[in-house]
Amino acid sequence: MPNLEHPAYPAATLLRLESLVPCRESQVSMLLSIFGERQQFTFPSIFIYGHTSSGKTYVMQTLLNTLQLPHVFVNCVEYFTSRLLLEEILIQLQNCSFETKHASHVLCDTFNDFVRMFKQAVTSQDLQDQTLYIVLDRAEQLREMEANILPAFLRLQELTDRNVTVVLLSEIVWELFRPSTGCFEPFTLYFPDYSIGHLQKILSHNHPPEYSADFYAAYINILLGVFYMVCRDLKELQHLAALNFSKYCEPVVRGEANERDTRKLWKNIEPHLKKAMQTVYLREISSSQWERLQRDDGEPGQLKGLSAHAHVELPYYSKFLLIAAYLASYNPVRTDKRFFLKHHGKIKKTNFMKKHEKTSNHLLGPKPFPLDRLLAILYSIVDNRVAPTANIFSQITSLVTLQLLSLVGHNDQLDGPRYKCTVSLDFIRAIARPQQESIDTF
Amino acid sequence: MLSFLFKVKISAMSKRKSKESSSANGECISQVQRILRERFCHHHATGKPFGIEHQYRHLLELLKRTTVHGESNSALIIGPRGSGKTMLLNHVLKELMEIKQIRENLLEVHLNGLLQTNDKVALKEITRQLHLENVVGDKVFGSFAENLAFLLEALRKGDRTSSCPVLFILDEFDLFVHHKNQTLLYNLFDISQSAQTPVTVIGLTCRQDILELLEKRVKSRFSHRQIYLMNSFDFKQYIKIFKEQLSLPAEFLDESFAQKWNNNVQHLSEDKTVQDMLQNLFHYSKDLRSLHLLLMLALSNVTVHHPLITASDLHEASKQYRMDSKANIVHGLSVLEICLIIAMKHLNDVYEGEPFNFQMVYNEFQKFMQRKAHCMYNFEKPVVMKCCAALCWIVAVHRHKQLTCQTTCLAWSRKFRKRTGLVRHLNTYYNWS
C-alpha cells in the first residue's frame, strides 16, 4: 500500500523510497510535502532533531539520493572549523554540476567569501532553479565555531537570494542552539524514537540466511524483552543481537533442540544475557573485532567481553602502600590521630563539621596528601617494622607509573611531593582480602 | 440514432472537460503553491506593508532628502526580530527607484554584520560594491579613514563638483558595534556629518539598547534618529493580515479557482476554532514570521485531492509548531536514563542547586534500587557511568568547574508523569505533587 504520493515525482521512485525507509513513512511524507516540487521554494532552514540512531542521517540521504535532488552533504564533526566546512561545501557544489570534470581547490576563509562564491557557483550550474539542499549533520558542532556561522546558515536563502535550503541534523533540541540575540527561526521537525514494535520489525529484517525469519524474530523478541529497558539505541541493539546470536543457536546446532523449542532456548540464553547486561554500552569487544573472530572461526568461549577484571599482582609492600594511600586520601587529617594512635582523645565535632556531614568523603573524590602522612600511616598499619629504604620509595614511584597513585602539583616542589589515590574501594578490598584486614574499620 | 450519437459526443466532451479541469487543477495547485511559497518562505515583498505607514513616510522623506537634495543623514531602524525592518527598507527603496533621477544616481552599499565580521573585510566589501577595485588597485593606505575618503573621492562625477549620493545599509547593526574601536561606524558617521559627499547611513538592529553600545565619539556623530517598528497591530488587524496573506492575488490565471480559494480563506477567518488558534499564536508571538511558518505548514498539505486549506490543516500545523521539544526528547529515553535524571533532580532538590558528581548520582540510584528491587535490574557502575555521560550531553547538564555536574532540568518534572508504570513508582517514592 503506497503511502507516499506526490505529483512531482514518479510513483515507482516513491515506492522504492518507501521500501528503503521502514517505520519512517510519516516523517518522509512530511518532508516530501514540505519540499514541494523541485522549483518551489521551501523553508529557508529546517532543523531535524531526535535521539541517536533514530534514522535522521539515513532518511535524509536516502530521500535526497532516491529523488535525485541537488544536494550537498557535510558532517560538521569531520569538518570542524568554519574554513574546512565552507570549503567542503563549495567543493561538493562543484561536483554537483555536470560541467566541471574535477574539483579545483577553493580558498574560502570567511562567510563573506563563501556567499560570493556560492552565488557564482549556483548561477553557473544547470540547476534550472531547483532547490539546492545543504545538509549539515551533527550540527551541534556549529555552536563551537565562530558566532556568525550558525545565524548566517539559517539565513542563507536571504543572504544569497537563491533557492537554497539548509537542513540541520542534531540530537540536541533547538532551544540549546538559539543565540542570545535571536536569529531566524528554522522549522523544527522531530524524529521520534522507535517503539518496541518498530525495533522488532527493523532488527528482524536482516536475519542470517541459515535460519528462518521466524526463528530470528523470536530471538529478537527475547533480546528486546531483556534489553529494551536499558537501551533503545538501534545501533547498540544490533551489536548485541550479533554478539549473542551464536549462543542462542547453540542448542539447535548441537541438536538438543529444534527451532521451535522456545523454552529450552530461553533457558540456555537467559544467564548469558544476564551477564551481557553488565556490558551494555561498554563495547568491550567492538563489532569489527567480533566479525574478525567469526571469520577466524574462533570459539565463542574466547569472548573476553564480559568484564574480566584486570588482575593486578602487587608486591607485599606495594599493597600496603596502596591501602595507606587510600586511607590518606579519603580520611580527613583530624581522624588520623583517632585511628592510628594507641591512646587517642575524643574528637569534638565543630559546627563546620555538622553542616557538611551530609556529603560523605567517599562521594567527593580523593584528596591530595603529603608523602610524610603516607609513610606515617604505612608504619602504623604494617605489623612489623618497616625501614624507610630506597625500596619503599621506588615502589611509590612505580605505583605512580601504574597510575594507581597520581602526583599532584609540580615535580620540583621543595617541601615534598603530594599524591592522590586513584583507585576505588572495591579494588582496595580485592587487594586486601588476602591479608584478611578489615579495611572498613578505617 | 442521431440522439444516441449526440449523447456519446456529449459524454466524450464532458469526459475531456473533466480531464482538462483535473489537469487544470493540477496546474492550478502548482501555481498556488508557487505563489504562496514565495510569499511565505522567500518573503517577496507583495503589496503595502501593514500598520507602518508613519515609519514608511518618515524613511521615504529621509532618503529623498539625501538623494534629491544632497543632504547627509543617518538613522537606525529598531524592532524585534520578524517585525519587518528589512521589508520596510526594501519597499522604500523600490518606491525610490521608480524616480528616474534617483535610479541613475544613487549608489547602494549593503553590509551585513553576519558576513563582514571585521572592518577590513567590510572595507573590501564596500570597495567591491562600489565597483572601485580597479581604482584602488594595490594602494596601501595608512588608516581606515584615508581609505574611505579615497573611495568617496573616486565617486565624484565628471565635473568634480558634486558626487553621487551613497546609501550605506548596515544589517545586523549590533554586530558592527563589537568590532575593534568601532572604526567602521565612526568613519561612516563622521562622513555623514562632514557633508562633503551626500551619504546616508541606515542601520537595522533588533537590540533596543543599541545606543548604549555605541562609543561616545560614535554616538555624538550619530543623528539619534530612530525609527521603531513594534508590531503594533491588535488582534483584529492580525486576522485581517492572516486573510490577506493567504489570499491569491487578483491577477491569478484561473479566476474561478482564485475566487473559490479566497472565499474559503474568508470562511476560515470567520471560523471560531481558527480564531482561537490564531489568538493563541498572537499571544505567543506577534510577528509575521511565525504566522508565515504556520501558513506554510498548512499549505504543504494542499494537493489535487485536497485543493483547499481546511481548519483541521491549520490545527495540525499549529500542533506541529507548538510541539514541546524537551518532552519529545524525554519520551525517547530508556528507563535507566530516566532513573538517572530523577536521581539528579532529587540531588538538586535536596542540596538546593549545589554541584554534584557521578558518584553521588550513582549512590542515589543504588538507594532507589534497594527500595524497589523488583522493577529494575541493578546495573554495574561502568554501564551506568557511560549512560550518564551520554545523558549529560543531551540534557544540557551544565559542567561546573571541578568536573562535577549541575543540572537545571527543573522543568522536566512535569513530563515524567506522562510515562506510565515505573515512573509512577518513582514519583511516589520521591513524593512529588
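Residues numbered from 1 in each chain as written. Chains lettered and ligands numbered in written order. Predicted model: local features only at pLDDT ≥ 70, side-chain atom pairs only at ≥ 80, totals over all residues. Heavy atoms only, no water.

Trainee: Sorry if this is basic, but what is going on with the nonpolar core here?
Mentor: One broad rule of soluble globular proteins: the nonpolar side chains tend to lie buried together. Formed by 68 residues in total, the largest nonpolar core has its most connected members in A:Ile48, A:Met60, B:Trp261, B:Leu291 and B:Leu314. If one sorts the elements of this core by residue count, helix 15 (residues 288-299) of chain B sits on top with nine residues. Not counting residues up to four positions away in its chain, the partners in contact with B:Leu291 are B:Tyr238, B:Ile241, B:Phe242, B:Leu278 and B:Leu281. Residues A:Tyr228, A:Ile269, B:Val361 and B:Phe368 belong to the second largest nonpolar core, which totals 59 residues. (Core = buried A, V, L, I, M, F, W, Y, C linked by side-chain atoms within 4.5 Å. Buried < 20%, exposed > 50% of the residue type's maximum accessible area, 1.4 Å probe, protein only. Helix = DSSP H or I, 4+ residues; strand = E, 2+ residues; numbered from the N terminus. Contact = heavy atoms within 4.5 Å.)

Trainee: Sorry if this is basic, but what is going on with the confidence of the model for chain A here?
Mentor: Low-pLDDT portions of the prediction should not be read for the details of their coordinates. Of the residues in chain A, 80% have a pLDDT of 70 or more, and the chain-wide mean is 80. The low-confidence segment residues 298-309 of chain A, where pLDDT is below 50, has 16 contacts with residues more than four positions distant or belonging to other chains. (pLDDT = per-residue confidence, 0-100.)

Trainee: Sorry if this is basic, but what is going on with the sheet that holds strand 5 (residues 187-190) of chain A here?
Mentor: All names here are of chain A. In spatial order, the strands read 2-3-4-1-5; together these five strands make up an open sheet with parallel pairing. The sheet is open, and its two borders are formed by strand 2 (71-75) and strand 5, each paired with just one other strand. Each strand of the sheet is rotated relative to its neighbour by a mean of 20°, with strand direction disregarded. Two strands pair when backbone bridges link them, and strand 2 and strand 3 (residues 132-137) are joined in this way by five bridges, in the parallel orientation. Residue pairing in the sheet places Asn75 in a bridge with Asp137 of strand 3. (Pairing = 2+ DSSP bridges. Axes fitted to C-alpha atoms, helices over the stretch in contact; angles between N-to-C directions.)

Trainee: Looking at this structure, I do not really get the pairing of strand 4 (residues 199-205) of chain B. What am I missing?
Mentor: A regular strand carries its side chains on alternate faces of the sheet. All names here are of chain B. Summarising burial for strand 4: seven of the seven residues are buried, a large majority. Note that strand 1 (residues 73-78) and strand 4 share six bridges and pair parallel. When the bridges of strand 4 are listed, Leu76 appears paired with Gly203. Note that strand 3 (residues 166-171) and strand 4 share five bridges and pair parallel. The partner of Ile169 across the bridge, within strand 4, is Ile202.

Trainee: Explain the sheet that holds strand 3 of chain B here, please?
Mentor: What links the strands of a sheet is backbone hydrogen bonding, and the strands pair in either a parallel or an antiparallel sense. Residue and element names in this part refer to chain B. One open sheet accounts for five strands, arranged 2-3-4-1-5; its pairing is parallel. Because the sheet does not close on itself, it has two edges, and the strands there are strand 2 (107-112) and strand 5 (226-228). The mean inter-strand angle of the sheet, taken between neighbouring strand axes irrespective of direction, is 15°. With three bridges connecting them, strand 1 and strand 5 associate as parallel partners. Bridged to Leu76 within strand 5 is Gln226. Of the strands in this sheet, strand 2 and strand 3 are in contact with helix 5 (residues 119-129), which crosses strand 2 at around 150°. In the packing of helix 9 (residues 183-194) onto the sheet, contacts are made with strand 1, strand 2, strand 3 and strand 4, and the angle to strand 4 comes to roughly 135°.

Trainee: Sorry if this is basic, but what is going on with helix 10 (residues 234-254) of chain A here?
Mentor: Owing to its 3.6 residues per turn, the α-helix aligns residues three or four sequence positions apart on the same side. Residue and element names in this part refer to chain A. Relative to the 30 Å expected for 21 residues at 1.5 Å per residue, helix 10 spans 30 Å between its end C-alpha atoms, a close match to the ideal helical length. Remark: the principal bend of helix 10, roughly 40°, maps to Asn244. The distance from a side-chain oxygen at the start of helix 10 to the backbone nitrogen of Lys235 is 3.3 Å, and the residue carrying that oxygen is Asp233. Note on helix 10: the residue one or two positions beyond its end, Gly255, has a positive phi of about 90°. (Expected span 1.5 Å × (residues − 1). Bend = angle between axes of the 7 residues up to and from the residue. Polar contact = N/O pair within 3.5 Å; in protein donor to acceptor, adjacent residues only side chain to side chain.)

Trainee: Would you take a moment to explain the interface of chain A and chain B for this structure?
Mentor: The accessible area lost on association of the parts is a frequent measure of interface size. Listed as interface residues are 60 residues of chain A and, on the opposing side, 56 residues of chain B. When the two sides are added together, the surface that chain A and chain B hide from each other amounts to roughly 5,200 Å², 61% of it contributed by carbon and sulfur. Run the count over chain A and chain B and you get one salt bridge. The partner of B:Glu172 in a salt bridge is A:Arg155, with the nearest N and O atoms 3.7 Å apart. Breaking the side of chain A that touches chain B down by element, the ones donating at least two residues are helix 2 (25-35), helix 5 (111-123), helix 6 (149-154), helix 7 (156-160), strand 5 and helix 16 (361-364) of chain A. Of the residues that constitute the side of chain A that touches chain B, the class distribution is 31 nonpolar, 15 polar and 14 charged. (Buried area = accessible area lost by both parts, 1.4 Å probe. Salt bridge = Lys/Arg side-chain N within 4 Å of Asp/Glu carboxyl O. Nonpolar A, V, L, I, M, F, W, Y, C, P; charged D, E, K, R; others polar.)

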